[in-house]
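Residue-level structural notes
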Amino acid sequence: MSKIFIYTWNADSIEDKEEIGSSFAARLEYAKEHRYNLEFTNFISPDFLDVNGQEILKDFQQKLHGFKGAISTHGTCLDPVHSKDKKARETAKQMIFQSLEIGRELKAEGVVFHGNFFQSIPVPAAGVKTGNSIIDPLIRGEHYKPSWIASWIERDASFWSEALEKAPSIVMLENTFELTPEMFRAVLDKVNSSRLKI
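Residues numbered from 1 in each chain as written. Predicted model: local features only at pLDDT ≥ 70, side-chain atom pairs only at ≥ 80, totals over all residues. Heavy atoms only, no water.

**Considerations on the nonpolar core**
Quick note on the threshold: Within this scheme, the nonpolar core is defined by two criteria: the residues are buried Ala, Val, Leu, Ile, Met, Phe, Trp, Tyr or Cys, and they are joined through side-chain atoms within 4.5 Å. Relative accessibility under 20% of the residue-type maximum defines a buried residue, over 50% an exposed one, and the middle range a partly exposed one, all with a 1.4 Å probe and only protein chains included. Working definition: helices are DSSP H or I runs of at least four residues, strands are E runs of at least two. Numbering for both runs from the N terminus. Throughout, a residue-residue contact means that at least one pair of heavy atoms, one from each residue, lies within 4.5 Å.
The biggest cluster of nonpolar side chains holds 25 residues, and the ones touching the most others in it are L100, F113, W160, V171, L173, V187 and L196. Elements that contribute at least two residues to this core include exactly α3 (86–105), β4 (110–114), α4 (145–166), β7 (170–174) and α5 (181–191). At eight residues, the largest contribution of residues to this core is made by α4. If we skip the residues at most four places from it in the chain, W160 touches I96, F113, V171, L173, V191 and L196.

Put into structure tokens, the structure is as follows:
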């Protein structure tokens, strides 16, 4: 079996069940034909399950019957698990736990999540929107970086230690804004679990 994963989402709208279904069917057939694997990227959007998501998830499960390749899912991304706002943190945790449950339902070997560290990016003013994130102006100054990174590593290790208790499979952290690979290495060392990978 190939190590290549085909991503599953090519729909313009999370509300268009037919487009999502037909796009998935075509990618599934392609993966079967070439003996590739599948990565479900549909669940990146936090709104996905709120808009026809359960029906689409059941449709995916039925269509996967007999599929021999490996399956991974991409969890919701850019969740504020390290927010100072307790409600935001709890909501983010629930969204991540929901992503882990989707992985279980699809029998995924692993669930991918972004690291979500917003690095020091030069922007013209505080709070300038950059891609999908708003960069915290406090971490743009060089003198904030060491303490911010150390704090992020501690919080991230604590969070993933808790999340792994609910995870039915491997959790894979994907680099987005992390400054160096050593940041993830430190998190992995602190968590010390073979089920957390980068």
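Next comes the rest of the description.
**Overview of the layout of surface pockets**
Put simply, the rule reads: The definitions used throughout rest on a 1 Å grid laid over the protein atoms alone, on which a cavity is an enclosed set of points accommodating a 1.4 Å probe that cannot get out and a pocket is an open set flanked by protein within 12 Å on both sides along at least five of seven lines; lining residues are those having an atom within 4 Å of a point. Grid points are joined across faces, edges and corners, and a volume is the space filled by probe spheres set on the points. The classification used treats Ala, Val, Leu, Ile, Met, Phe, Trp, Tyr, Cys and Pro as nonpolar, Asp, Glu, Lys and Arg as charged, and all other residues, Gly among them, as polar.
Put simply, the second largest pocket is a space of about 180 Å³. Looking at the second largest pocket, the residues that line it are Q61, L64, H65, F67, G69, I71, E105, L106 and K107. Of the residues assigned to the lining of the second largest pocket, the class counts are four nonpolar, three polar and two charged.

**A look at the packing of aromatic side chains**
Ring pairs (aromatic) are described by centroid distance and by the angle formed between their planes. Spelled out, the test is: Under the pairing criterion, centres of Phe, Tyr and Trp rings, with the six-membered ring standing for Trp, must be within 6.5 Å; the plane angle then separates stacked pairs below 30 degrees from edge-to-face pairs above 60, leaving the rest tilted. For a ring to carry a charge above it, either NZ of a lysine or CZ of an arginine must fall within 6 Å of the ring centroid while also lying within 35 degrees of the normal to the ring plane.
This structure, assessed with the given rule, holds 10 aromatic pairs. Taken together, a centroid distance of 5.3 Å and an interplanar angle of 35° make the contact between F24 and F40 tilted. Here F24 is found in helix α1 (residues 17–34), whereas its partner F40 is found in strand β2 (residues 37–40), with 16 residues between them in sequence. Grouping residues by exposure puts F24 and F40 together as buried. Consider the rings of F159 and W160, whose centres lie 4.8 Å apart with planes at 75°: the pair is edge-to-face. Look at F159 and you get buried, because its relative accessible area is 4%. The exposure class of W160 is buried, given its relative accessible area of 4%. The ring of F97 has K166 lying over it, and the distance from NZ or CZ to the ring centre is 5.0 Å.

**Some points on the sheet that holds β4**
Threshold: A pair of strands is considered paired only if DSSP assigns at least 2 bridges between the two. Interaxial angles span 0 to 180 degrees and are taken between N-to-C directions of axes, which are lines fitted to C-alpha atoms, for helices over the stretch in contact.
One open sheet holds the six strands; their spatial order is β1-β2-β3-β4-β7-β8, and the pairing between them is parallel. Across the chains shown, the open sheet's two edge strands, defined by having one partner strand only, are β1 (5–7) and β8 (196–197). One ladder, built from two bridges, connects β7 with β8; its direction is parallel. Considered in β8, the bridge of V171 is made with L196. Strand contacts of α3: β3 (71–74), β4 and β7, with the helix running at about 150° to β4, the strand carrying the most contacts.

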